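# Structure at a glance
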Amino acid sequence: MSDVHTFEDYAAIAKHLNFQSRAFINGAFCDALSGETFASLNPATGAVLAQVAACGKADVDVAVQAAKAAFDDGRWSRLHPSDRKAVLMRFAQLMEDNATELSVLESVDSGKPVGECVGVDIPETIKTIRWHAELIDKIYDTTAPAGPNVLALVSREAIGVVGLVLPWNFPLLMLAWKIGPALAAGCSVIVKPAELTTLSTLRVAELAQEAGIPAGVFNVVTGSGKDAGEPIGLHPEVDMVSFTGSTVTGKRFLRYAADSNLKRIVLECGGKNPAVVLGDAEDLDAVAAHVVNGAFWNMGENCSATSRLIVQASIKDKLLEAVGRALEAWKTGDPLDPANKIGALVSCGHFEKVNSYLEQAKADGCKFAFGGRTYGGAFVEPTVVEGVTPQSRLFREEIFGPILCVTTFDTVPEAVALANDTVYGLAASVYTANQRHAMKLAREIRAGTVTVNCFGEGDVSTPFGGFKESGFGGRDKSIHAHDQYTELKTVWIDITEPAAE
Ligand SMILES: NC(=O)C1=CN([C@@H]2O[C@H](COP(=O)(O)OP(=O)(O)OC[C@H]3O[C@@H](n4cnc5c(N)ncnc54)[C@H](O)[C@@H]3O)[C@@H](O)[C@H]2O)C=CC1
Ligand code: BAL
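Keep in mind that what you see is a predicted model, and the values were worked out from it rather than measured.

## Brief notes about the overall build of the protein chain
- A tally of regular secondary structure across the protein chain gives 16 helices and 24 strands.
- Looking at the protein chain as a whole, 53% of its 501 residues are labelled buried.
- Within the protein chain, contacts between residues at least 6 apart in sequence are counted, and of these 71% link residues at least 24 apart.

Written out as structure tokens, the structure reads:
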């Protein structure tokens, strides 16, 4: 990453960004066949950044044909693993060479604080591509234990043409979580970025081409969920879809699969993630710093965001005092100013949704311990709402914004029951000095990731995904992600000696 650090530097780069706005199909940028476009806005200012190709079924058909032709002729799928690895390593290097530009682009398109893009989103994107590239020539197939006259080979083969339907909250990182293992496995991909955040993915398509990923292997179809996402879900020649987004849309993909070709579906959906703080937790300032980071990182637009603070009643007031101290570092404002840790929400539409929970909190008679103010149609300051009951919408629904709901408990079993009182099961954190309690809570809370005395999503080496309505069918990240994009094949070979003549 370069030495660009100030608001003025980032603003100057933003001013001179060139936006690629056409779809990328079969190695070429192209308009939608209908010629239609939609506006991509900077949510912090409302300015139109670009008019983006509004693709539909016809464009998806062309992309699928290209992806299938590429897969079938083996230009990528049958490349020597070390050669595939070399191309992906070059791809990662090109992203690193352009990391500052990608960070600013991601920030203006999504409202994310540029400091987060520079420090987390873009480095993690690059690391993810490298990690999966490194794996390509290190995975061995196996033989199964079988009788003496049989050789049973069990291998993994790329699943084929893969649709990757992406959310807007971590546009490039979610792209990397999916294309990393998919391209490493040898699949051809059709990426459908969220319509609110397409621009960084299109820039990365340019870099993919420059790196030498062959035509047809990496395609980007831009457009709405209904027009471009649904045809991917229903396409008979798409072998698999990996989706991240809302549970409602995730369920649609299961229906698309049932109504078409039983394509494999992997879903990473919403969360309503608890942080359970026991009365014996040590160093409440450290706990508060983790809780605040979990709740407000990326404006809470995060499926694993800490959304419910479930705290033992005896320490609630002390913990909230510490939360107040931690919040002093969380300034809200222009996403291009690296001093701000809270930028703009992704769109006015999403702001309306988040604001409806602030209104609900007032209607429920809850107390705003901190925050509650909104600015400029897209900014919401970090807000902590006390006295949230398990019946409230605030406790039950995914807010996906900077609102932390506080509920108290008296006993550990009560805490477990509250933590599990949700249809979701993506992530949870537990804070306690008692290792027995920590392990008991980690076991009993039904979630894909449980962090103890910290908040985080692990590393690229650890699987990410959820229980219950948070997920289906597999995991992103880690070696387990490769399972999503491969089929198991058994080759059963009879090695009986022919009977002597
Ligand atoms: N990582 C996560 O868990 C995410 C959760 N969400 C949740 O979903 C809520 C709504 O956000 P949205 O952007 O509307 O999420 P969404 O689930 O509708 O969108 C995610 C992706 O699915 C596509 N899509 C939407 N409708 C589709 C359809 N009928 N068929 C095929 N593809 C479709 C979208 O174009 C986008 O690429 C958020 O407020 C948040 O609660 C949103 C984004 C990410
Ligand atoms: N936190 C990364 C995954 C997601 O929010 O979709």
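## Observations regarding the site of ligand 2
- Within the structure, ligand 2 sits among P167, N169, F170, M174, T244, N302, C303, S304 and E457.
- When the residues that make up the shell around ligand 2 are grouped by side-chain class, the tally is 4 nonpolar, 4 polar and 1 charged.

## Here's the deal with the packing of helix α10 (residues 284-296) against helix α11 (residues 316-327)
- The interhelical angle for the contact between α10 and α11, taken along N-to-C directions, is 60°, at an axis separation of 8 Å. Our classification of the angle between α10 and α11 gives oblique. Relative to α11, α10 is oriented so that their crossing is right-handed. On α11, the residues that touch L284, D285, V287, A288, A289, V291 and V292 of α10 are K318, L319, A322, V323, R325, A326 and L327.
- Here the contact of α10 with α11 is built from residues that sort into 11 nonpolar, no polar and 3 charged.

## Quick look at the nonpolar core
- V189, V276 and V277 are the most contacted members of the largest nonpolar core, which has 149 residues in total.
- The greatest single-element share of this core, amounting to 11 residues, is contributed by helix α6 (residues 171-185).
- Excluding residues within four positions of it along the chain, V276 makes contact with I310, A415, A419, A428, V430, Y431 and L441.

## Topic: the site of ligand 1
- Around ligand 1, 26 residues are found, and the nearest of them are G225, G229, G245, S246 and C303.
- For the shell around ligand 1, the secondary-structure elements that each account for two or more residues are α8 (225-234), α9 (247-259) and α12 (348-363).
- Take the shell around ligand 1: its biggest share by element is 5 residues, from α8.
- Residue composition of the shell around ligand 1, grouped by class: 8 nonpolar, 11 polar and 7 charged.
- Both of domain 1 (7-269 + 474-489) and domain 2 (273-452) provide at least three residues apiece to the shell around ligand 1.

## Some words on unusual backbone geometry
- With a phi angle near 60°, F400 is a residue other than glycine that sits in the positive phi range.
- Notably, K477 is not glycine yet its phi reads approximately 60°, a positive angle.
- The exposure class assigned to K477 is buried, which follows from the 22 C-beta atoms found within 10 Å.

## A short note on the UniProt feature "domain: Aldehyde dehydrogenase" (unreviewed entry) in the protein chain
- Cross-referencing UniProt, the feature "domain: Aldehyde dehydrogenase" (unreviewed entry) maps to residues 34-491 in the present numbering.
- In the segment residues 34-491, helix accounts for 41% and strand for 21%; the C-alpha atoms at its two ends are 46 Å apart.

## Here we look at the domain arrangement of the protein chain
- According to the domain assignment, the protein chain contains domain 1 (7-269 + 474-489) and domain 2 (273-452).
- When residues of the side of domain 1 that touches domain 2 are traced back to their parent elements, those giving at least two are α1 (7-15), α4 (99-110) and α5 (114-135).
- A total of 4 residues in the side of domain 1 that touches domain 2 trace back to one element, the largest contributor, which is α1.
- For the side of domain 1 that touches domain 2, the residue count by class is 10 nonpolar, 5 polar and 3 charged.

## A look at the pairing of strand β13 (residues 306-312)
- Within β13, 7 of the 7 residues are buried, which leaves the element mostly enclosed by the surrounding structure.
- When strand β12 (residues 273-277) meets β13, the two strands line up parallel, connected through 5 bridges. Each residue of the ladder has a partner; that of V277, found in β13, is V311.
- Tracing the backbone out of β12, into α10 and back to the parallel element β13 gives a crossover that is right-handed.
- The pairing of β13 with strand β18 (residues 403-409) spans 5 bridges and is classified as parallel.

## Some remarks on the environment of D476
- Assignment of secondary structure puts D476 in the loop between β23 (471-472) and α16 (481-484).
- In the structure, D476 is positioned 11 residues away from G465 in sequence and 6.4 Å away in space, judged by C-alpha atoms.
- Dropping the residues within four chain positions of it, D476 is found in contact with W177, K178, E268, F464, G465 and A481.

## Overview of the packing of α4 against α5
- With their axes 9 Å apart at the nearest point, α4 and α5 run at an angle of 125° to one another. Of the possible angle classes, the one that applies to α4 and α5 is oblique. Classified by chirality, the crossing of α5 by α4 is right-handed. Here α4 contributes A99, L102, S103, V104, E106 and S107 to the contact with α5, which in turn contributes V114, C117, V118, D121 and I122.
- Residue composition of the contact of α4 with α5, grouped by class: 7 nonpolar, 2 polar and 2 charged.

## Notes on the confidence of the model for the protein chain
- Here the protein chain averages 97 in pLDDT, and 99% of its residues register 70 or above.
- Here the predicted complex scores 0.98 on pTM and 0.97 on ipTM.

## Quick look at helix α2 (residues 57-73)
- Between its first and last C-alpha, α2 extends 24 Å over 17 residues, near the 24 Å set by a 1.5 Å rise per residue.
- Considered for burial, the residues of α2 that qualify are D59, V60, A63, V64, A66, A67, A70 and F71. Seen end-on, α2 carries its buried residues on one side only, within an arc spanning 165°. Exposed positions of α2 whose direction lies more than 90 degrees from the buried face are A58 and D73.
- Packing partners of the buried residues in α2 comprise β1 (23-25), β7 (161-165), β8 (188-192), β9 (218-220) and α8.

## Description of the sheet that holds strand β21 (residues 449-452)
- Taking strand neighbours across the sheet as the criterion, the 7 strands line up as β14-β17-β18-β13-β12-β20-β21 in an open arrangement whose pairing is mixed. The two strands at the open ends of the sheet, each matched to only one other strand, are β14 (367-370) and β21. The sheet shows a mean angle of 25° between the axes of neighbouring strands, direction not considered.
- As defined by bridge partners, strand β17 (residues 383-386) adjoins β18 across 3 bridges and the pair is classed as parallel. Each bridged residue has a counterpart across the sheet, and for T383 the counterpart in β18 is I403.

Procedures and definitions
Residues numbered from 1 in each chain as written. Chains lettered and ligands numbered in written order. Predicted model: local features only at pLDDT ≥ 70, side-chain atom pairs only at ≥ 80, totals over all residues. Helix = DSSP H or I, 4+ residues; strand = E, 2+ residues; numbered from the N terminus. Buried ≥ 20, exposed ≤ 12 C-beta atoms within 10 Å, placed from the backbone. Contact = placed C-beta atoms within 7 Å. Near = placed C-beta within 6 Å. Nonpolar A, V, L, I, M, F, W, Y, C, P; charged D, E, K, R; others polar. Axes fitted to C-alpha atoms, helices over the stretch in contact; angles between N-to-C directions. Parallel < 35°, antiparallel > 145°, perpendicular 65-115°, else oblique. Left-handed = near helix turned anticlockwise from the far one by under 90°. Core = buried A, V, L, I, M, F, W, Y, C linked by C-beta atoms within 7 Å. Domains from an automatic or database assignment. UniProt positions renumbered as here; feature names shortened; annotations may be inferred. Pairing = 2+ DSSP bridges. Right-handed = clockwise from strand over helix to strand, strands pointing away. pLDDT = per-residue confidence, 0-100. Expected span 1.5 Å × (residues − 1). Arc of directions from axis to C-beta.

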